[in-house]
Amino acid sequence: MSLGPLMIDLRGTAIAADEREWLRSPLVGGVILFTRNFESLEQIRELVAEIHAIRQPALLVTVDHEGGRVQRFRDGFTAIPAMRALGDAWEQNPAQAKSLARDAGYVLASELRSHGVDLTFAPVLDVDYKRSSVIGDRAFHADPEIIANLAHALVKGLHEGGMSSVGKHYPGHGHVRADSHHEVPVDERSYAQIEQCDLIPFRRLIGNGLGAVMPAHVIYPKIDRLPAGFSSKWLKQILRRDLGFNGVIFSDDLSMEGAKGVGGIVERADAALNAGCDMVLVCNAPEAADELLAGLQYIMPAVVQMRLAAMRGRGGTPMAQLQASAEYARALASVKSIGRRDGDLFA
């Protein structure tokens, strides 16, 4: 059985009977975990292993684990600072900031891989215009060139830890105040304005290690009347053709308010997949997952199966062995130093 186009979530710390049936559906290709799914290191490792064992090829297991306020697993995992802290470090010492970003990516990925998780939805490539509360300190910086440099370093660290990467929220969520979780954001800028700033980090990382992209539930009416994640112009024409991106396109959560103008959940999934998304996420809405599994008709193209195979985690050292590693210890000390201004970090 090949992977399907849907990524769904679970209600709790174990797989319920109906969820097990969902995960066996040929329409499902992955699972995204949240804080409610985490109880302990042993529990999350066992849960991920159980998800992977349900079928072959194994479902992708993912998590939103960026650092700062968006870090789903806490107890036993290193607290990764918000990416803004790396941008602040750049202002003091750019070379050191890039080293810190690489170490942060390595620690983040190696800890998740030690528990079997395949992929985290990071890094955030949005430009910080000091407008968006939902982005805020999740953004590295206000300068897109600095974002590109720090994100490139973080992506290298993720790869060293055994993970691919997902750049979000294409083509940029930072200029709008509205939160697409609760509203439908509209960005009135021209394509030229977006290209000259927000697209720079995406353009720089494409061909430099970026494995996947997640589009924003933002409408850019001067380019298309549809949100970017439902727009073939943004996905097939600009991202695939003009920017030359050949990796995976994951939708953002189709349950968010910013996606609801497209129709019901089946219509949303159809629209996103037809626009160019490879896999669509449906989170925090079990009834919607049920409806999708009953109503969606879609066969994954072979090329998408090949793209998704590159999203699988590599390696994975047990936590005890990882903690005994000199490289991990060095990177961990580096991460824990982020934000200090005592003369050691920025010497």
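The model shown is predicted, which means the values in this text are computed figures rather than measured ones. (Residues numbered from 1 in each chain as written. Predicted model: local features only at pLDDT ≥ 70, side-chain atom pairs only at ≥ 80, totals over all residues. Heavy atoms only, no water.)

Caption draft 1: Region of the structure containing helix α11 (residues 302-309). Residues of α11 that are buried include every one of V304, Q305, R307 and L308, and no others. One side of α11 holds all its buried residues, which, seen down the axis, span an arc of 160°. Facing away from the buried side of α11, by more than 90 degrees, are the exposed residues A302 and M306. (Buried < 20%, exposed > 50% of the residue type's maximum accessible area, 1.4 Å probe, protein only. Helix = DSSP H or I, 4+ residues; strand = E, 2+ residues; numbered from the N terminus. Arc of directions from axis to C-beta.)

Caption draft 2: Expanded view of the side chain of H175. One can find H175 in the loop between β7 (166-170) and α6 (191-195). Exposure remark for H175: the relative accessible area of 19% places this residue in the buried category.

Caption draft 3: The packing of aromatic side chains, seen in detail. In this structure the tally under the stated criterion is eight aromatic pairs. Pairing Y191 with W234 gives two aromatic rings, centres 5.9 Å apart and planes at 45°, and the pair type is tilted. Of this pair, Y191 sits in helix α6 while W234 sits in helix α8 (residues 232-242), placing them 43 residues apart in sequence. Grouped by ring-pair contacts, the aromatic residues Y170, Y191, F202, Y220 and W234 constitute a single cluster. (Phe/Tyr/Trp six-rings, centres within 6.5 Å; stacked < 30°, edge-to-face > 60°.)

Caption draft 4: Molecular detail of the pattern of salt bridges. According to the stated counting rule, one finds 23 salt bridges in the structure shown. Across the salt bridge formed by R72 and D64, the nearest N and O atoms sit 3.7 Å from each other. By relative accessible area, D64 is classed as buried at 15%. Here D128 and R84 are joined by a salt bridge, their closest N and O atoms 2.6 Å apart. Taken together, the positions of D128 in the loop between β6 (119-120) and α5 (144-160) and R84 in helix α3 (residues 84-92) put the pair 44 residues apart, joining distant regions of the chain. A relative accessible area of 23% means that R84 is categorised as partly exposed. Look at the salt bridges and you will find they share partners, linking D64, E66, R72, R138 and K168 into a network. (Salt bridge = Lys/Arg side-chain N within 4 Å of Asp/Glu carboxyl O.)

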